Amino acid sequence: MTTLSVMGRGRGQRPWAAAGAPVVVLLLGLLYIVSYLDRLILALLVAPVRAEFGISDTAIALLVGPVFALFGGVFALPMGWLADRVRRTRLILAGVLCWTTATIATAFAPSFETVAILRVGVAVAEAVLFPAAISMIADLFPPDRRAAATSVFVGFGVFGAFGAFMLGGVAVQLLGSEPVAIGSLFLAPWRATFVVVALPGLLLAALFAVAVREPPRTASIRAAAPVDAAPTSPERVFARRNMPLFVLLFVASALGQAIVLGVSSWLPSLLVRDFGFEAGQAGIWFGLSGVTAALAGLAAAPCIAGHFRSRGRMDALPLICAGAIAVGAVPLLAGFAAPSAPMLLLLLAAGYFFLVPSGTYAIFAINWTVPPRATGLFAAVYTLVNSLVAVGCGPMVVAMVSDRLGGGANLSSGMVVLVVGAGTLSILLLLAALRPFSRLCETIERPASGPSSRGQYETE
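Residues numbered from 1 in each chain as written. Predicted model: local features only at pLDDT ≥ 70, side-chain atom pairs only at ≥ 80, totals over all residues. Heavy atoms only, no water.

Engineer: So what's going on with the overall build of the protein? Residues and values would help.
Structural biologist: Scanning the protein for helices and strands turns up 16 helices and five strands. Each of the 460 residues in the protein was classed as buried or not, and the buried ones make up 58%. When contacts within the protein are restricted to residue pairs at least 6 apart in sequence, long-range pairs at least 24 apart make up 83% of them. Accessible surface, the protein as shown: approximately 17800 Å² in total, 67% of it carbon and sulfur. (Helix = DSSP H or I, 4+ residues; strand = E, 2+ residues; numbered from the N terminus. Buried < 20%, exposed > 50% of the residue type's maximum accessible area, 1.4 Å probe, protein only. Contact = heavy atoms within 4.5 Å. Areas by Shrake-Rupley, 256 points an atom, 1.4 Å probe, with all protein chains shown as cover.)

Engineer: I'd like a description of the pattern of salt bridges, backed by residues and values.
Structural biologist: Applying the stated rule across the entire model yields four salt bridges. Residue arginine 88 pairs with glutamate 214 through a salt bridge whose shortest N-O separation is 2.7 Å. Of this pair, arginine 88 sits in helix α5 (residues 88-106) while glutamate 214 sits in the loop between α9 (189-211) and β4 (220-224), and the two are 126 residues apart along the sequence. Considered together, arginine 88 and glutamate 214 belong to a single accessibility category, that of buried residues. (Salt bridge = Lys/Arg side-chain N within 4 Å of Asp/Glu carboxyl O.)

Engineer: Outline helix α14 (residues 358-369), listing residues and values.
Structural biologist: Across the twelve residues of α14, twelve count as buried, placing the element largely inside the fold. When we look at burial in α14, the residues that qualify are Ser358, Gly359, Thr360, Tyr361, Ala362, Ile363, Phe364, Ala365, Ile366, Asn367, Trp368 and Thr369.

Engineer: Lay out the nonpolar core with the relevant residues and their values.
Structural biologist: Nonpolar side chains in soluble globular proteins tend to be buried together. Ile92, Phe153, Phe162, Val263 and Tyr352 are the most contacted members of the largest nonpolar core, which has 156 residues in total. Ranked by the residues each element gives to this core, the list is headed by helix α10 (residues 234-275), at 19 residues. Those residues in contact with phenylalanine 162, other than ones at most four positions away along the chain, are Val260, Ser264, Phe286, Gly287, Gly290, Val291, Ala294, Tyr352 and Val356. (Core = buried A, V, L, I, M, F, W, Y, C linked by side-chain atoms within 4.5 Å.)

Engineer: Describe the environment of glycine 306, with residues and values.
Structural biologist: Within the secondary structure layout, glycine 306 lies in helix α11 (residues 279-310). A relative accessible area of 31% places glycine 306 in the partly exposed class.

Engineer: Just give me the short version of the layout of surface pockets, but keep the residues and values in it.
Structural biologist: The volume enclosed by the second largest pocket comes to roughly 320 Å³. Around the second largest pocket sit 19 residues that line it, and Leu44, Val46, Ala47, Pro48 and Ala279 are the ones nearest its centre. Those elements that place two or more of their residues in the lining of the second largest pocket are α2 (46-53), α9 and α10. (1 Å grid on protein atoms, 1.4 Å probe; cavity = no way out; pocket = protein on both sides within 12 Å on 5 of 7 lines; lining within 4 Å. Points joined across faces, edges and corners; volume = space filled by probe spheres on them.)

Engineer: If you had to explain the packing of aromatic side chains to someone new, which residues and values would you point to?
Structural biologist: For the structure shown, the criterion picks out 16 aromatic pairs. Arranged with centres 5.9 Å apart and planes meeting at 75 degrees, the rings of phenylalanine 53 and tryptophan 190 form a pair that is edge-to-face. Separated by 137 residues along the polypeptide, phenylalanine 53 in helix α2 and tryptophan 190 in helix α9 bring together distant segments of the chain. A relative accessible area of 18% means that phenylalanine 53 is categorised as buried. Aromatic side chains phenylalanine 364 and tryptophan 368 sit 5.9 Å apart centroid to centroid with 20 degrees between the ring planes, which places their arrangement in the stacked category. With phenylalanine 364 and tryptophan 368 both in helix α14 and four residues apart, the pair spans about one turn of that helix. Tryptophan 368 sits in the buried class, given a relative accessible area of 4%. Here a set of aromatic residues connected by ring pairs shows up, and it is made of Tyr32, Tyr36, Phe130, Phe153, Phe238, Phe246, Phe250, Phe378 and Tyr382. Arginine 39 extends its terminal NZ or CZ atom over the ring of tyrosine 36, reaching a point 4.4 Å from the ring centre. (Phe/Tyr/Trp six-rings, centres within 6.5 Å; stacked < 30°, edge-to-face > 60°. Lys NZ or Arg CZ within 6 Å of the ring centre and 35° of its normal.)

Engineer: Tell me about the packing of helix α7 (residues 129-140) against helix α15 (residues 375-404), residues and numbers included.
Structural biologist: It is at 8 Å that the axes of α7 and α15 come closest, and there the two elements cross at 145 degrees. Handedness of the crossing formed by α7 with α15: right-handed. Facing α7, whose interface residues are Phe130, Pro131, Ile134, Ser135 and Ala138, α15 presents Thr375, Gly376, Ala379, Ala380, Tyr382 and Thr383. A per-class count over the contact of α7 with α15 returns seven nonpolar, four polar and no charged. (Axes fitted to C-alpha atoms, helices over the stretch in contact; angles between N-to-C directions. Left-handed = near helix turned anticlockwise from the far one by under 90°. Nonpolar A, V, L, I, M, F, W, Y, C, P; charged D, E, K, R; others polar.)

Engineer: I'd love a proper account of the confidence of the model for the protein, names of residues and values included.
Structural biologist: This prediction gives the protein a mean pLDDT of 81; 87% of its residues lie at or above 70. By mean pLDDT, the top-scoring element of the protein is α5 (95), and the lowest-scoring one is strand β1 (residues 2-7) (38). Predicted confidence for residues 220-231 stays below pLDDT 50, and this span has 22 contacts to residues more than four positions away or in other chains. Contacts of residues 446-460 to residues separated by more than four positions or lying in other chains number 64 contacts, the stretch itself having pLDDT below 50. (pLDDT = per-residue confidence, 0-100.)

Engineer: Talk me through a nonpolar patch on the surface; I want residue IDs and the actual numbers.
Structural biologist: On the surface, a cluster of nonpolar side chains totalling about 390 Å² of accessible area is made up of Leu70, Phe71, Val74, Phe75 and Leu388. Broken down by element, the residue count for the nonpolar patch peaks at four residues, all from helix α4 (residues 66-83). For leucine 70, the position within the fold is in helix α4. (Patch = residues over 30% accessible without salt bridge, like charges linked within 9 Å, V, L, I, M, F, W, Y side chains within 5 Å.)

Engineer: Account for helix α12 (residues 317-335), with residues named and values stated.
Structural biologist: Residues lying three or four places apart along an α-helix face the same way, a consequence of the helix completing one turn every 3.6 residues. Taking 1.5 Å per residue, 19 residues should reach 27 Å; α12 reaches 28 Å between its end C-alpha atoms and fits that length. Within α12, the full set of buried residues consists of Leu317, Pro318, Ile320, Cys321, Ala322, Ala324, Ile325, Gly328, Ala329, Pro331, Leu332 and Gly335. On its buried side, α12 packs onto α10, α11, α13 (341-355), α14 and α16 (411-442). (Expected span 1.5 Å × (residues − 1).)

Here it is, written out as structure tokens:
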């Protein structure tokens, strides 16, 4: 048996740049917001894009879902590998510059095929941010503060997911319906929107380059290799033994996020088609209701998880996640039958309070149990699974069911199918993961010298 011991900072030592660590999380979070804004703005521009290129809901869903998910998820793996080995600040900066450039270029796309290629570029470049950020947070904060720091970072992303609809809605309304002059060019409003939403990324990239320096990888790993085996990286041994369990957790978590992303991608169109909202108005109202509930849920998640961890029950994470998905699905399903838009948005907010944090529990599992120098890899696998399942399937299922039933006014039927199917499967997978995750937690010894170490990991 190999005992893998993760040695943290000694007693009394402060994390790197202790005063600046929250500022780094703030900048990473702002970049996360911009990434979602550049990723999801297309959902607010369905009508003009369909009109210009003559495409269906399913074609738009392919662009928002599977196309983005496939490339973003697959490229997350090499990005996570790089995040464990190279300067993460430079990696993030390169990603930001690439995805903002591709977003601006979308404004000048002559065809739907060109739009698709540029969205692939955005997906590949954005794959850098999450694994590199999670890896940096693991080095910036001690274990007892990582859950809170991670929730703050994820909270920025959630704000970006819903804020994309609010900010995008404001941009759509401000740009109006007349061609917009950019220099000597006149662009259709939907095209100009891509330019406008990309500009904050360029400004933040400049600020990030000046203000953030690479934190040292502070945790060192010592392992006693078995005498009857060739020397093996302790992280590699841990990953080989435990990755199947984490993939199970990631798939279950991603199914919960598939509900959120599938509903979020099409709710503005539902408000337009069924309740007569303008596109900008739909984005603003949906964004306000969704982001309020989502951030409240994310604020509660680390408190709930920390409560169980302080009582020696880290193994309760899968059960907490399953309960959140089960409870959150109920008001969501009721909302799809609501007779008015305010009632729909109220019930949606109630469901999102429980459903949105479902993705953070899997990240807590990474921060609490994975060796620090493997967090980039595990975060990349999480990104891959979440991209393929949540981003790839959520919006697509709603669109396919809607088109199958005749399109138009059948979006709510697609949402019902998604919530029931994905929610049920997620709960079953989380229950299946409960016992093996409990066994993993039992192998992790609590540090005797203070809260700055991850403890020990036993692998065979």
